[in-house]
Amino acid sequence: ELKVEQNPLFLSMQEGKNYTIYCNYSTTSDRLYWYRQDPGKSLESLFVLLSNGAVKQEGRLMASLDTKARLSTLHITAAVHDLSATYFCAGHNYGQNFVFGPGTRLSVLP
Amino acid sequence: SAVISQKPSRDICQRGTSLTIQCQVDSQVTMMFWYRQQPGQSLTLIATANQGSEATYESGFVIDKFPISRPNLTFSTLTVSNMSPEDSSIYLCSVELPGASAEQYFGPGTRLTVT
């Protein structure tokens, strides 16, 4: 059974700093997703990672996938306040359901 | 992508009553899902609702408590029956679009408070 963990669960960082959120999963996962959720809002899809070594970037966020290590990372570069949100990773195997991690609540402080 | 709407966006209900949540998507999709998100928590899948078949419920969720309808490829409803305060949560529907990514898109959610 696929299990997804994230760390840290809470992250408070200064504007302009870099940081990485880690997503570990327990068994093989065909695909790995990153979502963003603002308070009181729904989930917004950020990245879909389909293969080992996949790297995707959008603005100050970059996601990568290492299927051998069963690890995905979400790297934040030069954080700004607008990035404050909760970030979820989710694993998915074909024919099975999505499994979400617990989420990382990010606060970017001025 | 897909545009998904949910009604109601929020409601406050009394214990013992039922609420039906509607989910409408702007394109035809085979797979729709219903999730529950308790305050400050992650998402828990309630059931998968595919058109033309009975909904498939996850462990801990039963049809009598959460009946689901899927009358066509763009619409689904989730009913929360005989509500108790423990049912206070955000309920989200999502759809999976066809393609290699199997990405899920989420509706805006229904915030339910049971008093």
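Described in the following lines is the structure provided in the data block.

Conventions used here
- Residues numbered from 1 in each chain as written.
- Chains lettered and ligands numbered in written order.
- Predicted model: local features only at pLDDT ≥ 70, side-chain atom pairs only at ≥ 80, totals over all residues.
- Heavy atoms only, no water.
- Helix = DSSP H or I, 4+ residues; strand = E, 2+ residues; numbered from the N terminus.
- Rg over C-alpha atoms; globule rule 2.2 N^0.38 Å.
- Salt bridge = Lys/Arg side-chain N within 4 Å of Asp/Glu carboxyl O.
- Buried < 20%, exposed > 50% of the residue type's maximum accessible area, 1.4 Å probe, protein only.
- Contact = heavy atoms within 4.5 Å.
- Buried area = accessible area lost by both parts, 1.4 Å probe.
- Polar contact = N/O pair within 3.5 Å; in protein donor to acceptor, adjacent residues only side chain to side chain.
- Nonpolar A, V, L, I, M, F, W, Y, C, P; charged D, E, K, R; others polar.
- Pairing = 2+ DSSP bridges.
- Axes fitted to C-alpha atoms, helices over the stretch in contact; angles between N-to-C directions.
- Phe/Tyr/Trp six-rings, centres within 6.5 Å; stacked < 30°, edge-to-face > 60°.

## Quick word on the overall build of chain A
Thinking step 1. Each helix and strand in chain A was counted, giving zero helices and 11 strands.
Thinking step 2. Listing the helices and strands of chain A from first to last along the sequence gives β-β-β-β-β-β-β-β-β-β-β.
Thinking step 3. Relative to its length of 110 residues, chain A is compact, with a C-alpha radius of gyration of 13 Å against a globular reference of 13 Å.
Thinking step 4. A principal-axis box enclosing the C-alpha atoms of chain A has dimensions of 45 × 30 × 20 Å.

## Brief notes about the pattern of salt bridges
Residues and elements named next belong to chain A.
Thinking step 1. This model, assessed by the stated rule, comprises three salt bridges over all chains.
Thinking step 2. Its salt-bridge partner being Glu1, residue Lys3 comes within 3.8 Å of it at the nearest N-O pair.
Thinking step 3. A residue is classified by how much of its surface remains accessible, and Glu1, at 78% relative accessible area, is exposed.
Thinking step 4. Between Arg36 and Asp38 there is a salt bridge, with its nearest N and O atoms 2.9 Å apart.
Thinking step 5. Residue Asp38 is classed as partly exposed on the basis of its relative accessible area, which comes to 25%.

## Thoughts on the interface of chain B and chain A
As a measure of interface size, the accessible area lost when the parts come together is often cited.
Thinking step 1. Taken residue by residue, the interface counts 21 residues in chain B and 18 residues in chain A.
Thinking step 2. Between chain B and chain A, a total of about 1,400 Å² is buried, with carbon and sulfur atoms accounting for 52% of that surface.
Thinking step 3. Looking at the side of chain B facing chain A, the largest losses of area belong to Ser42, Glu103 and Phe106 of chain B, adding up to 27% of the total buried there.
Thinking step 4. Our count for the chain B to chain A interface comes out at zero salt bridges.
Thinking step 5. One can count six residue pairs in polar contact (both at pLDDT 80 or more) joining chain B with chain A.
Thinking step 6. Counting residues per element, the ones that place at least two in the side of chain B that touches chain A are β4 (31-37), β5 (43-50), β9 (89-96) and β10 (104-106) of chain B.
Thinking step 7. Each residue belonging to the side of chain B that touches chain A can be placed in one class, and the counts come to nine nonpolar, eight polar and four charged.

## Some thoughts on the sheet that holds strand β8 (residues 71-76) of chain A
Residue and element names in this part refer to chain A.
Thinking step 1. Reading across the sheet, the five strands line up as β1-β3-β8-β7-β6 and stay open at both edges, with antiparallel pairing between neighbours. Looking at strand neighbours, the two that pair on one side only are β1 (4-7) and β6 (55-58), the edges of this open sheet. Pairwise comparison of adjacent strand axes, ignoring direction, gives a mean angle of 15 degrees for this sheet.
Thinking step 2. Two strands pair when backbone bridges link them, and β6 and strand β7 (residues 61-66) are joined in this way by four bridges, in the antiparallel orientation. Within β7, the residue paired with Glu58 across the bridge is Leu61.

## Regarding the packing of aromatic side chains
Thinking step 1. With the rule as written, the count across this model stands at 10 aromatic pairs over all chains.
Thinking step 2. Joined through ring pairs, the aromatic side chains of Tyr33, Tyr35, Phe88, Phe98 and Phe100 of chain A together with Tyr35 and Phe106 of chain B make up one cluster.

## Things to note about the sheet that holds strand β1 (residues 4-7) of chain B
Residue and element names in this part refer to chain B.
Thinking step 1. Sheet architecture is open: four strands sit in the order β1-β3-β8-β7, paired in antiparallel fashion. Strand pairing shows two members of the sheet lacking a second neighbour, β1 and β7 (68-72), which therefore form its edges. The mean angle between the axes of side-by-side strands here comes to 15 degrees, regardless of whether they run parallel or antiparallel.
Thinking step 2. The pairing of β1 with strand β3 (residues 19-25) spans four bridges and is classified as antiparallel. Its bridge partner being in β3, Lys7 is matched across the sheet by Gln22.

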